[in-house]
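# A closer look at the structure
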Amino acid sequence: MALSKLFPFFLVVYICLLLTLCSAEDATVSYNFVVSYIEASPLGVPQQVIAINGKFPGPTINVTTNNNVVVNVRNKLDESLLMHWSGIQQRRSSWQDGVLGTNCPIPPKWNWTYQFQVKDQIGSFFYFPSLHMQRASGGYGGFIINNRPVISIPFDTPSGDIVIMIGDWYKRNHTALRKALDDGKDLGMPDGVLINGKGPYQYNTTLVPDGIDYETIEVEPGKTYRIRVHNVGTSTSLNFRIQNHNLLLAESEGSYTVQQNYTSLDIHVGQSYSFLVTMDQNASSDYYIVGSARFVNESQWKRVTGVAILHYTNSKGKAKGPLPVAPNDEFDKTFSMNQARSIRWNVSASGARPNPQGSFRYGSINVTDVYVLKNKAPVTINGKKRTTLSGVSFVNPSTPIRLADRFKVKGVYKLDFPSKPLTGPPKMETSVINGTYRGFMEVILQNNDTKMQSYHLSGYAVFVVGMDYGEWSENSRGTYNKWDGIARSTVQVYPGAWTAILVSLDNVGVWNLRTENLDSWYLGQETYVRVVNPEATNKTELPMPDNALFCGALSKMQKPQDISSFAVSMRGDRTKLLFTLLMSAYALISSF
């Protein structure tokens, strides 16, 4: 056989080996998401929901610390779309965050590929569509980041992972809910609570009609499972509990917690927890899994309760009797807050890195910036119902902030968000917080509304250092937890109360700070924190992605369908490419 004829074979083998060596450093995990409408009847009434790959909820993304994640999103909706990876910090790459301040929307019938690394993170998170209140119609799913094998977890390896998505639900879809808000109306009481996209088990024939499909989770007796619970609803805080079972809290949004048993836990909109639950009960019957509304009139909201079934493999009968009761704290408004205060960071556990989590002692760092962000009940601005933060109702620009910075487009936003609430009339503006790179920012979230709020900051885990009722003052700092306050991405703020967080601004980019309550978010209760390295090097921020979309003032730069599918396949699925190249090599040899 002539050596020249073997050259193609050696070339292919060389490429295969190169790809194998490259992928050995940080593995790449690929997903294809087709986002479309399907018809479903989670509460017994046919309605339009948002599915991913034909399923509601969507698939769980399951990766390991430092994996490269590639998600190709095909938009088959009739409106624009962005997927947001809630709690994924997008280190050095706010381009991939999937919110309007950083990304142009994916138009209908287009696809766009997200490519990011889950750098130095572990834990339980979820994804969802961030535009047009689409999350109220679905499109969400779990996102698990596992420890690398060389980093131990602070508990025995569970027998399995169980993802539970809970959330309030309306029989009207997101477009109808959006129209109601545009017309100045409230959304009103939800029609129910879904658990993993399904309605309640018929525990009560008066409250739950026949024919509703409910979730059943099957477990083996004696085993311990890690149950990851996410509140993906519109605006309702939910109390989560499992009949006759203890919930041993282990982790919250990327931080291992001091392990404590709870009979139930309040989970607020946008929050995620993971519990270790041991199946230590007898199997005389199945058991109820419950998510019920909190901080509302219990008798009026009784029908807004999600019920699923925990089924032991050797169970002898159906779940029966009344549901396990929620906390009886109608006249004790501090119960839930004290429960929240009891959640502490496990400072001795290793996180994504081998050093203990608590080696970063946030309580000894000097604060460089202080922002008091106050929300109130909705107001009327220019004849429209709006929500505000510190008197500013945010207006999303047609050109994303990060894109405007990159191409020096002027007049898109103002770096003038007030450090204290405005004293004058409220206003509608694209006003952004000017964050200090490598600064340490204190944010006080003051809730002067009558409804529970929860807030999320993209790009970071924030240290929850204090919360109390009344107005925050300088003296409130004396009550802060400066050692083991939980680090997480979404924090609750009780009505008529405040919550204080600390955040180290070490992640360059433009990061969304918002309420997770979809109605308040849609009406303007958000802003962005802009963090810029004055030295502007690629070491602190990755370059703009090659497949970036353009809109607004830069819309002329957008090609009709700008997709580099081959580059995506090269980076997104090395296994398939390797197999293809090996088959090519085999074909070459066979031809000799």
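What counts as what
- Residues numbered from 1 in each chain as written.
- Predicted model: local features only at pLDDT ≥ 70, side-chain atom pairs only at ≥ 80, totals over all residues.
- Heavy atoms only, no water.
- Pairing = 2+ DSSP bridges.
- Helix = DSSP H or I, 4+ residues; strand = E, 2+ residues; numbered from the N terminus.
- Axes fitted to C-alpha atoms, helices over the stretch in contact; angles between N-to-C directions.
- Buried < 20%, exposed > 50% of the residue type's maximum accessible area, 1.4 Å probe, protein only.
- Contact = heavy atoms within 4.5 Å.
- Disulfide = S-S within 2.5 Å.
- Core = buried A, V, L, I, M, F, W, Y, C linked by side-chain atoms within 4.5 Å.

## Re the sheet that holds strand β10 (residues 192-195)
Hydrogen bonds along the backbone pair up the strands of a sheet, which may run parallel or antiparallel. As summarised here, the arrangement of the six strands in space is β10-β9-β12-β17-β14-β15, forming an open sheet in which the pairing is mixed. Single-partner strands in this sheet number two, and they are β10 and β15 (255-262). Neighbour to neighbour, the strand axes of the sheet diverge by 25° on average, direction disregarded. Pairing geometry for strand β9 (residues 161-169) and β10, over four bridges, is antiparallel. In the sheet register, glycine 167 faces β10, and the bridge partner there is leucine 194.

## Some remarks on the environment of asparagine 434
Among the secondary structure elements, asparagine 434 is positioned in strand β25 (residues 433-436). The exposure class of asparagine 434 is partly exposed, given its relative accessible area of 39%. Distance from asparagine 434 to proline 418, taken between C-alpha atoms, is 9.9 Å for residues 16 residues apart in sequence. For asparagine 434, the contacting residues outside a window of four places in its chain are Tyr371, Leu415 and Arg530.

## Re the state of the cysteines
Summed over all chains, the structure comprises one disulfide. What pairs with cysteine 104 in a disulfide is cysteine 551, and their sulfur atoms sit 2.1 Å apart. Taking the torsion about the sulfur-sulfur bond, which here is approximately -85°, the covalent link between cysteine 104 and cysteine 551 counts as left-handed. Of the two residues, cysteine 104 is situated in the loop between β5 (83-86) and β6 (111-117) and cysteine 551 in the loop between β33 (526-532) and α6 (565-572); the sequence distance between them amounts to 447 residues. Residue cysteine 104 shares its accessibility class with cysteine 551, and that shared class is buried.

## With respect to the nonpolar core
Judged by nonpolar contacts, the single largest core of 79 residues is most densely connected at Ile164, Ile227, Phe240, Phe275 and Leu310. Beyond its immediate chain neighbours, meaning those up to four positions away, isoleucine 164 contacts Ile195, Asn196, Ile217, Ile227, Arg228, Val229, His230 and Phe240.

Without other data, these values stay purely geometric and don't point to any function.
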